[in-house]
Amino acid sequence: LLAAGAPVSAHWIADRQSGPLIQRFGTTEQKEKFLPSICKGESFFCIGMSEPDSGSDLASIKTNAKRTDNGWVLNGQKVWTTLAHVARWGCLVTRTDPEAPKHKGLSYFVVDMTDPGVEVRPLRQMTGDAEFNEVYFTDARIPDEERLGDAGDGWRVALTTLMNERVAIGGTQAPR
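What you see as residue numbers is a count from 1 along each chain, following the sequence as written. For a predicted model such as this one, the threshold for reporting local features is a pLDDT of at least 70, and the threshold for listing and counting side-chain atom pairs is 80 or more; totals across whole chains, interfaces and linings nevertheless cover every residue. The side-chain values count all of the structure's non-hydrogen atoms but skip hydrogen atoms and water molecules.

Caption draft 1: Focus on the overall build of the chain. Labels follow the DSSP assignment, with helices taken as runs of H or I lasting at least four residues and strands as runs of E lasting at least two, numbered in each case from the N terminus. Secondary structure summary: the chain contains three helices and eight strands in total. In sequence order, the secondary structure elements of the chain are arranged as α-α-β-β-β-β-β-β-β-β-α. Categorising residues by exposure relies on relative accessible area from a 1.4 Å probe, with only protein chains included: less than 20% of the type maximum marks a residue as buried, more than 50% marks it as exposed, and the intermediate range marks it as partly exposed. The burial tally for the chain puts 47% of its 176 residues in the buried class. Taking as baseline every contact in the chain between residues at least 6 positions apart, the subset at least 24 positions apart corresponds to 66%. Counting every atom, the chain has about 9,600 Å² of accessible surface; 52% of that belongs to carbon and sulfur. Contact between two residues is taken to exist if any of their heavy atoms lie within 4.5 Å; hydrogens are not considered. Exposure was quantified through the Shrake-Rupley algorithm and a 1.4 Å probe, taking into account, for residues, occlusion by the shown protein chains and nothing else.

Here's what the structure looks like:
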């Protein structure tokens, strides 16, 4: 993207985390839906992983998605979600099988942040800025077509998200 002159600095969560995630785990339809706008610098994403009671134990999350006839219903909370207040889309890991071992019962989705069941609340910092947010999901609807990877394989997708973040941060070069 950099070599082609794409506006990748517009939103690094989209072009360096979500885009590669969709490229690896997304369906052909998801790639066609999301990747062109990411490459143009038009899509804003956030990543929903951390939860208030999980600390650094990502696999202990409680935000859940329950399967319905036409998709999934999402309930729970994420915290420290960077730029959720401007994101159109969120990539998030959820618990979809509470009976499975904690690393096995997870699934990963792209959620529409404009869904009526999604509420974003800013977390004010001492500076007055609020780039981090709490995100509440109350019966938010997710079509099954927005699942990334297989149901129950969310741990692998989440680890890939974290690795993409490390590469994005570690691969950033200061201007000369």
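Back to the text.
Caption draft 2: The arrangement of the pattern of salt bridges in detail. What counts as a salt bridge is simple: a side-chain nitrogen of Lys or Arg found within 4 Å of a carboxyl oxygen of Asp or Glu. All chains considered together, the criterion is met by eight salt bridges. The closest approach of N and O atoms between Lys102 and Asp57, which form a salt bridge, is 2.8 Å. With Lys102 in the loop between strand S4 (89-95) and strand S5 (106-112) and Asp57 in the loop between strand S1 (45-48) and strand S2 (64-68), this pair connects stretches of sequence that are 45 residues apart. Its salt-bridge partner being Arg88, residue Asp112 comes within 2.6 Å of it at the nearest N-O pair. Here Asp112 is found in strand S5, whereas its partner Arg88 is found in the loop between strand S3 (71-78) and S4, with 24 residues between them in sequence. We classify Arg88 as partly exposed; its relative accessible area is 35%.

Caption draft 3: Representation of empty space enclosed by the protein in the model. Buriedness of a pocket was judged along seven lines, with at least five required to meet protein on both sides within 12 Å; pockets are open sets of points on a 1 Å grid over the protein atoms alone, cavities are sets where a 1.4 Å probe fits but cannot get out, and lining residues have an atom within 4 Å of a point. Grid points are joined across faces, edges and corners, and a volume is the space filled by probe spheres set on the points. Taken as a whole and assessed by the stated rule, the structure comprises one cavity of 30 Å³ or more. Taken together, Cys46, Ile47, Gly48, Lys78, Thr81, Gly90, Cys91, Leu92, Val111, Met113, Val135 and Phe137 make up the lining of the largest cavity. Those elements that place two or more of their residues in the lining of the largest cavity are S1, S4 and strand S7 (132-142). Basically, the charged four are Asp, Glu, Lys and Arg, the nonpolar ten are Ala, Val, Leu, Ile, Met, Phe, Trp, Tyr, Cys and Pro, and anything else, Gly included, counts as polar. A per-class count over the lining of the largest cavity returns eight nonpolar, three polar and one charged.

Caption draft 4: Representation of the environment of Arg156 in the model. With respect to the helices, strands and loops of the structure, Arg156 is situated in helix H3 (residues 154-170). As a C-alpha pair, Arg156 and His103 span 53 residues in sequence and 8.9 Å in three-dimensional space. What Arg156 contacts, discounting residues up to four positions off in sequence, is Arg24 and Phe25. What qualifies as a polar contact is a pair of N or O atoms within 3.5 Å, subject to a donor-acceptor requirement within protein and to the restriction that residues adjacent in sequence count only when both atoms come from side chains. Looking at Arg156, its side chain comes within polar contact range of the side chain of Asp153, at 2.7 Å.

Caption draft 5: Seen up close, unusual backbone geometry. A positive phi angle is found at Trp80, which is not glycine, with a value near 60°. Mapped onto the elements of the fold, Trp80 is located in the loop between S3 and S4. We classify Trp80 as exposed; its relative accessible area is 53%. You will see that Leu83, though not glycine, has its phi angle at about 60°, which is positive. Look at Leu83 and you get partly exposed, because its relative accessible area is 25%.

Caption draft 6: Geometry of the packing of aromatic side chains. Pairing of aromatic rings covers Phe, Tyr and the six-membered ring of Trp, with a centre-to-centre limit of 6.5 Å; geometry is then stacked below 30 degrees between planes, edge-to-face above 60, and tilted otherwise. This model, assessed by the stated rule, comprises four aromatic pairs. Look at Phe34 and Phe45: their rings are 5.8 Å apart centre to centre, the planes differ by 70°, and that puts the pair in the edge-to-face class. Of this pair, Phe34 sits in helix H2 (residues 28-39) while Phe45 sits in strand S1, placing them 11 residues apart in sequence. Of the two residues, Phe34 and Phe45, both sit in the buried class. Relative to Trp89, the ring of Phe34 has its centre 5.0 Å away and its plane inclined at 85°; by these criteria the two rings are edge-to-face. Of this pair, Phe34 sits in helix H2 while Trp89 sits in strand S4; the two residues are 55 residues apart in sequence, bridging distant segments of the chain. Neither Phe34 nor Trp89 differs from the other in exposure class; each is buried. Either the NZ atom of lysine or the CZ atom of arginine qualifies as a charge over a ring when it sits within 6 Å of the ring centre and within 35 degrees of the ring normal. In this arrangement the basic side chain of Arg88 is found over the ring face of Trp89, its NZ or CZ atom lying 4.3 Å from the centre. The ring centre of Tyr136 lies 4.1 Å from the NZ or CZ of Arg121, which sits over that ring.

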